[in-house]
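# Fold and contact review
Read off the chains here:
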Amino acid sequence: MSFETSEQSTWWGKFKLEIEQNKEWHVGPLKLIVRRLKNEWQIAHESADDFDSTDFSWEIKSTDQQPGSFNNNSRYILHDTAGQLIVTPKLADRPIVSRPHIPFNLAAGEEIILYVSTPLWVELEVGSTPLKSIAIQRLSDTWFGPSTLEGDFCYASTTHCRLNFEDLPRRSHRAITPVLIRNKSKTTLLLERLNLPIPLLPLYTSSIGQLWTPLITLTREKDGDMAELKIDDKPPTETDITEKISDARDKTNTNVLFRAFNTVFS
Amino acid sequence: MNEFWTDIVNFLNNENIWILIRAFVLIVMGIVFAKLISAALIKLAGNKMDNHRLMLLKRGSYYLIFILFLISSLRELGFNLSILLGAAGVFTVAIGFASQTSASNLISGLFLVAERPFTIGDIIRVGTTTGEVLSIDLLSVKLRTFDNLFVRIPNESLIKSEVTTLTRFPIRRVDVLVGVAYKEDLKKVRATLDEVANKNPLCLEEPKPLYVFLSFGESSLDIQYSVWAKRENFLDLKNSIHEEIKNAFDENGIEIPFPHRTIYTGIETKPFPVTSIDNKQPDK
């Protein structure tokens, strides 16, 4: 990650704050204010509820607004002299369930690439002390499983997965995940909901600052909701990736059977 | 004086006293060993078992070791164990009659342990008492209620009555019962409820909220709207969803009616005379 330059090209990185200086971030629906005091850091944030912008822009500026005027504000006592704040984008901490705009059928033996965009979290660190992790957009909870007794907690995506990469709006507060679905079973797969293991993915950035994750391959061998999961260990090829921004939150074995589809079979 | 010393020496030389001491030492050793071994077993199995099983392992190993030492100590005292056990059979019947309640609790406790309807740390509701299970013992189950009271429930009553475990499954449903005025458009009401559920992040997107038209009530159309939440968020959602539904109904002009009464004078009588009066003080 590069140090702050006069022309900051990304909203993440390392930022120097003087004592009693406030800095404000606007990334997607999130407004974040960080204030440094002597031996203390204050963080305040709020997210707009109805944010539906396809705008890529973001903003970082100095501000006079005090963190105390926000509902969500927290104080951290730290004997830190460097005054260096590290801002890192992170992917969601739970799997995310996304839907195509209109459910579609994937015939036996077919494969398709879908593009899913998921919102990011902002992680704030001073020195090597992690201060706070903030969701840029609060996603609704959802349950992904065959019954109310068995399943996983996930976030429900507010956007749809797309078949065409060009249809997906570029947004600075979301990461794009390409998903290759292979239907090797003998029945048609009706795709209504798609569960993606986002915590298993690392994060890359392209030259314009769009965040990406590697390609996920979901292979459905038999009838049912389960798919064999494979995560590429190289960045996606759709764009010019320049740098790896963060590692996966969960680094457990990624070659596993995963409940990926919640489907009605025809 | 000499006699006294002789008595003491005779007493100490007497075999019986040493037998008594040996038996006593065996019992003390039994307690110490049982404690040490059960503690060691708990440490070994600490990561692999839940609290409930750990407790069973601890008590089981403790009593097993202690009883073995107790038997050796009784042997040391010269008891013939087969006769003792026979006598114990007769005693059991006598004691059984005398302590019916305790015995019933004890047996119920064994069933509870085997059936495992809940474990330590679960939240259960028995009758009107709701609380966290602190321990499951042979005679009773101890609860900590949410107002921080310690409640002891005899195992017998747990076996006999209905017990609800609130923390068994990962998700729970919040049922909102709401009535709307007869003049309202139910499609609009349903759309408003769906929007409220959609906007609340604690409300699960799947399983989908359930909409049930209950009845044509006395003064309102009664509706049940059920939403799902993560178990830990149940109370938060219950509080927020009611508030949000009220706000959304107010915004959309949907009336939540009070009970209405229309006074009907009957077919034989004339309508009530209605007189409009001026808002002025009556003459005195």
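Taken residue by residue, the interface counts eleven residues in chain B and ten residues in chain A. Counted by class, the side of chain B that touches chain A contains eight nonpolar, no polar and three charged residues.

A word on the environment of Ile65 of chain B. Residues and elements named next belong to chain B. By secondary structure assignment, the location of Ile65 is in helix α3 (residues 51-76). Given 20 C-beta atoms within a 10 Å radius, Ile65 is considered buried. For the pair Ile65 and Ile37, spaced 28 residues apart in sequence, the C-alpha to C-alpha distance is 8.6 Å. Setting aside its immediate chain neighbours within four residues, Ile65 contacts Gly30, Phe33, Ala34 and Ile37.

This part covers the packing of helix α7 (residues 186-199) of chain B against helix α8 (residues 234-251) of chain B. All names here are of chain B. The geometry of α7 relative to α8 is characterised by a closest axis approach of 10 Å and an angle of 135 degrees between their N-to-C directions. Looking at the two axes, α7 sits oblique to α8. Of the two possible hands of crossing, α7 and α8 adopt the one that is right-handed. Residues Thr192, Leu193, Glu195 and Val196 of α7 form the contact with α8, whose participating residues are Ile241, Glu244, Ile245, Ala248 and Phe249. For the contact of α7 with α8, the per-class residue count stands at six nonpolar, one polar and two charged.

Let us look at the sheet that holds strand β1 (residues 13-16) of chain A. Within a sheet, each strand pairs with its neighbour through backbone hydrogen bonds, oriented either parallel or antiparallel. Residue and element names in this part refer to chain A. Taken together, four strands build an open sheet; the order of strands is β1-β7-β11-β12 and the sheet is antiparallel. The open sheet terminates on both sides in strands that have one partner only, identified here as β1 and β12 (129-135). Averaged over all adjacent pairs, the angle separating strand axes in this sheet is 25 degrees, with direction ignored. Sheet topology places β1 next to strand β7 (residues 84-90); four bridges connect them, and they run antiparallel. Residue pairing in the sheet places Lys16 in a bridge with Gln84 of β7.

Looking now at the sheet that holds strand β4 (residues 150-154) of chain B. Residues and elements named next belong to chain B. Sheet architecture is open: five strands sit in the order β4-β3-β2-β1-β5, paired in antiparallel fashion. At either end of the open sheet lies a strand with only one pairing partner, and these are β4 and β5 (163-165). Between one strand axis and the next, the sheet turns through 40 degrees on average, direction left out of account. Alignment of strand β1 (residues 123-126) against strand β2 (residues 129-136), held across four bridges, turns out to be antiparallel. Across the sheet, Ile123 pairs through a bridge with Glu132, a residue of β2.

Below, the discussion takes up the environment of Glu24 of chain A. All names here are of chain A. Structurally, the position occupied by Glu24 is in strand β2 (residues 21-27). Glu24 gets classed as partly exposed once you count the C-beta atoms within 10 Å, which come to 17. The spatial distance from the C-alpha of Glu24 to the C-alpha of Pro119 is 20 Å, given a sequence separation of 95 residues. When neighbours within four sequence positions are excluded, Glu24 is seen to be in contact with Leu32, Ile33, Lys61, Thr63 and Gln65.

The next subject is α7 of chain B. Residue and element names in this part refer to chain B. For α7, built from 14 residues, the straight-helix expectation of 20 Å at 1.5 Å per residue is met to within 8% by its first-to-last C-alpha distance of 20 Å. Burial in α7 covers these residues: Val189, Leu193, Val196 and Ala197. The buried side chains of α7 occupy one side of the element, clustering within an arc of 95 degrees when seen end-on. What points out from α7, more than 90 degrees from its buried face, is the exposed set Lys187 and Ala191.

Summarising the element assignment, Phe261 of chain A is placed in strand β24 (residues 261-262). Excluding its chain neighbours within four sequence positions, the residues that come into contact with Phe261 of chain A are Leu189, Leu191, Leu194, Asp225 and Ala227 of chain A.

Now for the confidence of the model for chain A. Chain-level statistics for chain A give a pLDDT mean of 82 and a share of 92% at 70 or above. In the model, residues 1-6 of chain A has pLDDT below 50 throughout and makes eight contacts with residues more than four positions away in sequence or in other chains.

What counts as what
- By convention here, each chain's residues receive numbers from 1 onward along its written sequence.
- Numbering of ligands from 1 and lettering of chains from A proceed in the order in which they are written.
- Per-residue local features are limited, in this predicted model, to residues with pLDDT of at least 70; the limit for side-chain atom pairs, both in listing and counting, is 80 or more; totals at the level of whole chains, interfaces and linings are taken over all residues.
- A pair of residues counts as a contact when their C-beta atoms, built from backbone coordinates, are within 7 Å of each other.
- Residues are sorted three ways: Asp, Glu, Lys and Arg are charged, Ala, Val, Leu, Ile, Met, Phe, Trp, Tyr, Cys and Pro are nonpolar, and all the rest, Gly among them, are polar.
- Numbering of helices and strands runs from the N terminus; a helix is a DSSP stretch of H or I covering at least four residues, while a strand is a stretch of E covering at least two.
- Residue burial is a threshold on neighbouring C-beta atoms within 10 Å of the residue's own C-beta, all placed from the backbone, with 20 or more meaning buried, 12 or fewer meaning exposed, and counts in between meaning partly exposed.
- Each axis is a line fitted through C-alpha atoms, and for a helix only the stretch in contact is used; angles between axes span 0 to 180 degrees, taken between their N-to-C directions.
- Angles below 35 degrees are treated as roughly parallel, those above 145 as roughly antiparallel, those between 65 and 115 as roughly perpendicular, and all remaining angles as oblique.
- Crossing handedness follows the turn of the near helix against the far one: under a right angle anticlockwise gives a left-handed crossing, and clockwise gives a right-handed one.
- Should DSSP find at least two bridges between two strands, the strands are regarded as paired.
- Multiply 1.5 Å by the residue count of a helix minus one, and that product is the helix's expected span.
- Each C-beta atom gives one direction from the helix axis, and the arc is the one those directions make.
- Per-residue confidence from the predictor is reported as pLDDT, a score between 0 and 100.

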